[in-house]
Amino acid sequence: MMLAVYSVSTWSLLFVAGESALLGFADFFYWLIVTGSTVGYGDMSPTTDAGKWIVSLYVIPAGLSIFALVVGRVASWLSQQWKKGARGMHSLNVSNHVLLIGWNGKRTEQLLKLLLIEREDVPGTPDIVLCVRADIENPMPGEISFVKVDSFNQDADMDRACVDSASVIIIDNPHDDMTMTTSLYCSKRNPEAHKVSYFDDESLVGLLKQHCPEIECTPSVAVEMLAKSAFDPGSSLLHHDLLDVYEGQAQFSATIPSEVTAITAGILFDVLKKTYDATFIGFAAEENKQKIAVNPPISSTLKGRDKIFYIADKRINNIDWTSIAKH
């Protein structure tokens, strides 16, 4: 409002002073910005005595204050918008993204780093969204999206993280009871997404599976690894290598295209090793994805939409399923 009054009053005073060369819309706008901000290129200036007095006593003094106010307000607004984004106060507009719900400090930061590495080989490079209740700022600005909510089971809050359109939902809260309620909520809001929940207490896995059998639960395996390493030295190193995405061999999965009618495990094992230097280790049938057949008999038959698991140095995105099916 002050800027509008300043502009109109300046134009009126110049009109009265007879400064016709400065009254055109484009010329006046350019001259007022240059003069009022004291940049002063000098290519346009008043020629009458009255015009010079107007500029000296009104245009420049008033312009300094008003332009400083405007620039300060704009800078403050931009700063607030950036802070709202860093604090997770914005609503997102994303889809087919990976939604990570919960905050566990360094563990979550490491998980985010692993997700960023894993997605590099995934077609489409999905967005990664971190949704938390903790009072923190975005731990990886510019790399992930960030939303801070008051509750993980309120529609208004979770809509800001686009929970309905996520393709993958990872639930990893500090407390198992919060993980349980969040898992139930996400199962209701987005039944089609691939959901993974982490529990410290393995006894809760069975309870969640009764209500949400489609959710993949990952209980802690630290105790099991201790026992396995005691009688099979090196087991913990082997499992760590298979999970490590930084270097060495790692475990990946792929889905057989629906048009493939039948492939035996023996042929798949042979072709993957000879063609892609990958080792076939098991599969999950499409009708029962919760049960994985590890080291299946070579006579086992796989078909379209079954998911296979293999070990390789990197993810294979160009498997020639037509060629494999012809063997």
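- You'll find the protein chain entered in an unreviewed UniProt entry as Potassium channel protein, with Agaribacter marinus given as the organism.

**As for the UniProt feature "transmembrane region" (unreviewed entry) in the protein chain**
Okay, step 1: Within the UniProt annotation, "transmembrane region" (unreviewed entry) is assigned to residues 12-33 and 53-75.
Okay, step 2: The distance separating the terminal C-alpha atoms of residues 12-33 is 16 Å; by composition the span is 68% helix and 0% strand.
Okay, step 3: With 100% helix and 0% strand, the stretch residues 53-75 has end C-alpha atoms that lie 32 Å from each other.

**Some words on the sheet that holds strand β5 (residues 194-199)**
Okay, step 1: Judged by pairing direction, the sheet is parallel, and its six strands sit side by side in the order β3-β2-β1-β4-β5-β6 without closing on themselves. Whereas interior strands pair on both sides, the edge strands pair on one side only; in this sheet they are β3 (145-148) and β6 (216-219). Within this sheet the neighbouring strands show an average axis-to-axis angle of 15°, counted without direction.
Okay, step 2: Direction of pairing for strand β2 (residues 128-132) relative to β3: parallel, over a ladder of four bridges. Pairing of C131 across the sheet is with V147, part of β3.
Okay, step 3: Against the sheet, helix α4 (residues 106-119) contacts β1 (98-101), β2, β4 (168-171) and β5, and its axis sits at roughly 160° relative to β2.
Okay, step 4: This element, helix α7 (residues 203-211), spans β5 and β6 of the sheet and lies at about 175° to β6.

**What about the pairing of β2?**
Okay, step 1: Judged by how many residues are buried, β2 sits mostly within the fold: five of five residues are covered.
Okay, step 2: By the alternation rule, side chains of β2 split into I128, L130 and V132 and V129 and C131, which are all buried.
Okay, step 3: As judged from the four bridges shared by β1 and β2, these two strands associate in the parallel manner. Bridge assignment links V98 to a residue of β2, and that residue is I128.
Okay, step 4: You can see the chain leave β1, run along α4 and come back into β2, and the turn it takes is right-handed.

**A closer look at the nonpolar core**
Okay, step 1: Formed by 22 residues in total, the largest nonpolar core has its most connected members in L268, F280, L302, I308, Y310 and W321.
Okay, step 2: Counting only elements with at least two residues in this core, the list comes to β7 (250-255), α10 (265-276), β9 (279-284), β12 (307-312) and α11 (321-326).
Okay, step 3: Examining the composition of this core, we find that four residues originate from one element, α10, more than from any other.

**What about the UniProt feature "domain: Potassium channel" (unreviewed entry) in the protein chain?**
Okay, step 1: Here, the residues flagged by UniProt with the feature "domain: Potassium channel" (unreviewed entry) are residues 2-79.
Okay, step 2: The span residues 2-79 is 76% helix and 0% strand, and its two end C-alpha atoms sit 23 Å from each other.

**Structural notes on the packing of aromatic side chains**
Okay, step 1: Scanning the entire structure with this criterion turns up four aromatic pairs.
Okay, step 2: Relative to F15, the ring of W11 has its centre 5.5 Å away and its plane inclined at 10°; by these criteria the two rings are stacked. Of this pair, W11 and F15 both sit in helix α1 (residues 2-17), four residues apart, roughly one helical turn.
Okay, step 3: In this structure F15 comes out as exposed when scored by relative accessible area, which is 52%.

**Things to note about the packing of helix α6 (residues 176-189) against α7**
Okay, step 1: Two elements in contact, α6 and α7, have axes whose closest approach is 11 Å; the angle formed by their N-to-C orientations is 15°. Taken together, the axes of α6 and α7 lie roughly parallel to each other. The handedness of the crossing between α6 and α7 comes out as right-handed. On α7, the residues touching D176, M180, S183 and L184 of α6 are L204, L207, L208 and H211.
Okay, step 2: Along the lines of polarity and charge, the residues of the contact of α6 with α7 split into five nonpolar, two polar and one charged.

**Considering unusual backbone geometry**
Okay, step 1: Despite not being glycine, T125 has its phi angle at roughly 45°, a positive value.
Okay, step 2: Position of T125 among the secondary structure elements: in the loop between α4 and β2.
Okay, step 3: Residue R305 is not a glycine yet carries a positive backbone phi of 80°.
Okay, step 4: Counting through the fold element by element, R305 comes out in the loop between β11 (301-302) and β12.
Okay, step 5: Judged by relative accessible area, which is 47%, R305 ranks as partly exposed.

Cut-offs applied
- All residue numbers refer to position in the chain's written sequence, counted from 1.
- The predicted nature of this model means local features are confined to residues of pLDDT at least 70 and side-chain atom pairs, given and counted, to a pLDDT of 80 or more, with totals for whole chains, interfaces and linings taken over all residues.
- The side-chain numbers reported here are obtained from all heavy atoms of the structure, hydrogens and water having been left aside.
- UniProt positions are given in the numbering used here, feature names are shortened, and annotations may be inferred rather than shown by experiment.
- Working definition: helices are DSSP H or I runs of at least four residues, strands are E runs of at least two. Numbering for both runs from the N terminus.
- A pair of strands is treated as paired once DSSP finds two or more bridges between them.
- Angles here are taken between N-to-C directions and fall from 0 to 180 degrees, while the axes themselves are lines fitted to C-alpha atoms, restricted in helices to the stretch in contact.
- Contacts: residue pairs with any heavy atoms within 4.5 Å of one another.
- For every residue, the accessible area (1.4 Å probe, protein chains only) is compared with the maximum for its type, and the residue is labelled buried under 20%, exposed over 50%, or partly exposed between those bounds.
- Orient the strands so they point away from the viewer; a crossover is then right-handed if the path from the first strand over the helix to the second runs clockwise.
- Nonpolar cores are built from buried Ala, Val, Leu, Ile, Met, Phe, Trp, Tyr and Cys residues. Side-chain atoms within 4.5 Å join them into one set.
- Each pair of aromatic rings taken from Phe, Tyr and Trp, with Trp reduced to its six-membered ring, is defined by centres within 6.5 Å and is described as stacked if the planes are under 30 degrees apart, edge-to-face if over 60, and tilted in the remaining cases.
- Every angle not falling under 35 degrees, over 145, or within 65 to 115 is termed oblique; those three ranges are roughly parallel, roughly antiparallel and roughly perpendicular.
- In this scheme, a crossing is called left-handed if the near helix is turned counterclockwise away from the far one by less than a right angle; it is called right-handed if the turn is clockwise.
- Classification used: nonpolar for Ala, Val, Leu, Ile, Met, Phe, Trp, Tyr, Cys and Pro, charged for Asp, Glu, Lys and Arg, polar for all others including Gly.

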